[in-house]
Amino acid sequence: MRRITLVMAGAALLGACSADPSTPSGSSPSTTGPSSQPFTITEVAAFDEPWAMTFLPGTSYAAITQRGGQLLVREMSSGEVSTVEGVPEIKAEGQGGLGDVIASPDYATTKEVYLSWAEAGDGSTAGAAVGRGRLVIADGAARLEGLRVIWRQVPKVEGTGHYGHRLAVSPDGTHLFVTSGERQKFDPAQDLGTNLGKILRLNLDGTPAAGNPVAAQGHPADEEWTLGHRNPLGIAFAPDGTLWSTEMGPKGGDELNLITKGANYGWPKVSNGSHYSGQDIPDHAAGDGFEAPKVWWNPSISPSSLMIYTGEAFPQWRGDAFIGALSGQALLRVDLDGTAATKAEVWTQGALGTRIREVEQGPDGRIWVLQDGADGKLLRLDPT
Ligand SMILES: [Ca+2]
Ligand SMILES: [Ca+2]
């Protein structure tokens, strides 16, 4: 009985989108099958407003950020958690605080990680920052050494929302991609003179990468890879090298975008959602000059995170996108096939039926999920 209820809830979510008459051409229809669950869900630990997690390659540790400003390392067999000393001063307010953490591509030799956070500016202004430093774990303690800030949002503005600041390194290990939210200021997303509302392509030291599409327009345009983003809270490469990003839309219009060099994703000119005031925003339409999402959600699910699966534990899902939903209170799979994307399962069973903040793949291919909030559980999904 419980299973039937859950399946119907998922179907209703999917149905709301496929019934939307404003379907942009080229977007993929939903599948309508039941969201069967070929995994068990185990609660492993709990954290205080966890935001991001990453497994540190070649170690038995995972690094976890808490929005309030703590970087933690958890030894995954013993469960022992250490608080990392030496994290930067952050502005923990609203959506801001400590953000993403990923390993550098040369982690095996340097032990360096990238970290993102909200940084205070003059008065009540703030902006996202990205730093790189050495994460030393020894004798049951952990510390960051030599942390240097390698990128900042410019300008810093008032408000505490839409930092974005999710991080990904290209599969060839040569470039760092940073998502930069538009800080709830709308127009900067279309202004090449700010790096707000953009996805940036940087060298590993944070300098602008050669070959970026609008570099001729000076700095910070020389950092910019794509524009027209609102609050992109997920970014990941697929095994075939394609780059994807999840983006929080306004009232409706959450997006999964295929990220391609120089493309303009339309915010705030177009969106399949509307303003919270009720004011309409034109939908994505063929020929409007903006890149339409491959998949979108209306009503909103509030995508917090994006992981593209490459493991062995769930071979049927290799190459597919996993998305955590905050307001949608679910874990979602989107089937990726080259540059095409199709909605698949919406899992709301048990502990997955809550605000989900982060999705990660473990070194053995199991899937890990962090709930949002003050008692955010770390969940492990094991194949059945
Ligand atoms: Ca992560
Ligand atoms: Ca609209």
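The residue numbering used here restarts from 1 in each chain and proceeds along that chain's sequence as written. Each chain takes a letter, starting from A, and each ligand takes a number, starting from 1, following the order in which they are written. Only residues with pLDDT of at least 70 are given local features in this predicted model, and only at 80 or more are side-chain atom pairs given and counted; all residues enter the totals for whole chains, interfaces and linings. Each side-chain value is derived from all of the structure's non-hydrogen atoms; neither hydrogens nor water enter the calculation.

(A) Local environment of the pattern of salt bridges. A pairing counts as a salt bridge when a side-chain nitrogen of Lys or Arg comes within 4 Å of a carboxyl oxygen of Asp or Glu. Per the stated rule, a full pass over the model turns up 21 salt bridges. Ionic pairing is found between Glu 145 and Arg 143, a salt bridge with its closest N-O pair at 2.7 Å. Exposure remark for Arg 143: the relative accessible area of 39% places this residue in the partly exposed category. The salt bridge involving Asp 375 is made with Lys 377; its shortest N-O contact spans 2.7 Å. Ionic contacts of the salt-bridge type, sharing partners, join the residues Asp 106, Glu 112, Arg 132 and Arg 148 into one network. When accessible area is computed with a 1.4 Å probe and restricted to protein chains, residues below 20% of their type maximum are described as buried, those above 50% as exposed, and intermediate ones as partly exposed.

(B) Representation of the coordination of the calcium ion (ligand 2) within the structure. Only Ser 271 (O), Gly 273 (O), Ile 281 (O) and Asp 283 (OD) from the protein coordinate the calcium ion (ligand 2), and they sit 2.3 to 2.6 Å from it. On the primary sequence, the residues serving as donors to the calcium ion (ligand 2) are separated as S-x1-G-x7-I-x1-D. Taken together, the positions of Ser 271 in the loop between strand S17 (254-259) and strand S18 (295-297) and Ile 281 in the loop between S17 and S18 put the pair 10 residues apart, joining distant regions of the chain. In this pair, the class of Ser 271 matches that of Ile 281, namely buried. Nitrogen, oxygen and sulfur within 2.8 Å of a metal are treated as its donors, or within 3.2 Å for sodium, potassium and calcium (Na, K, Ca); water is not counted, so a site can appear incomplete. Secondary structure elements are defined from DSSP: runs of H or I of at least 4 residues count as helices, runs of E of at least 2 residues count as strands, and each element is numbered from the N terminus.

(C) Representation of the sheet that holds strand S20 (residues 321-325) in the model. Pairing between strands is defined by DSSP: at least two bridges between them are needed. In spatial order, the strands read S19-S20-S21-S22; together these 4 strands make up an open sheet with antiparallel pairing. At either end of the open sheet lies a strand with only one pairing partner, and these are strand S19 (303-308) and strand S22 (340-347). The sheet shows a mean angle of 25 degrees between the axes of neighbouring strands, direction not considered. With 6 bridges connecting them, strand S21 (residues 330-337) and S22 associate as antiparallel partners. Looking at S22, one finds that Leu 332 is bridged to Val 346. Fitted lines through C-alpha atoms serve as axes, helices being fitted only where they are in contact, and the angles separating the N-to-C directions of these axes extend from 0 to 180 degrees.

(D) Just the coordination of the calcium ion (ligand 1), in detail. For the calcium ion (ligand 1), the full set of protein donor atoms is Met 53 (O), Glu 358 (OE) and Glu 360 (OE), and the range of their distances to it is 2.2 to 2.3 Å. One chain supplies every donor to the calcium ion (ligand 1), and in sequence these donors are spaced M-x304-E-x1-E. Of this pair, Met 53 sits in strand S2 (residues 50-55) while Glu 358 sits in strand S23 (residues 356-361), and the two are 305 residues apart along the sequence.

(E) Molecular detail of unusual backbone geometry. Cis geometry marks the peptide bond from Trp 267 to Pro 268; its omega dihedral reads -5 degrees. Take Pro 268: it is sitting in the loop between S17 and S18. Between Asn 298 and the following residue, Pro 299, the backbone shows a cis peptide bond with an omega angle of 5 degrees. The backbone of Lys 111 sits at a positive phi, close to 60 degrees, despite the residue not being glycine. Assignment of secondary structure puts Lys 111 in the loop between helix H2 (107-110) and strand S7 (112-120).

(F) Broad picture of the side chain of Asn 264. Relative to the assigned elements, Asn 264 resides in the loop between S17 and S18. Only 2.8 Å separates the side chain of Asn 264 from the side chain of Gln 190, close enough to count as a polar contact. Polar contacts involving the side chain of Asn 264 include one to the main-chain amide nitrogen of Gly 266, which spans 3.0 Å. Setting aside its immediate chain neighbours within four residues, Asn 264 contacts Gln 190, Leu 227, Gly 228, Gly 289, Phe 290 and Glu 291. Any pair of N or O atoms that falls within 3.5 Å is considered a polar contact. Within protein, one atom must be able to donate a hydrogen and the other to accept it, and sequence-neighbouring residues count only if both atoms are side-chain atoms. Contact criterion: two residues are considered in contact whenever any of their non-hydrogen atoms come within 4.5 Å of each other.

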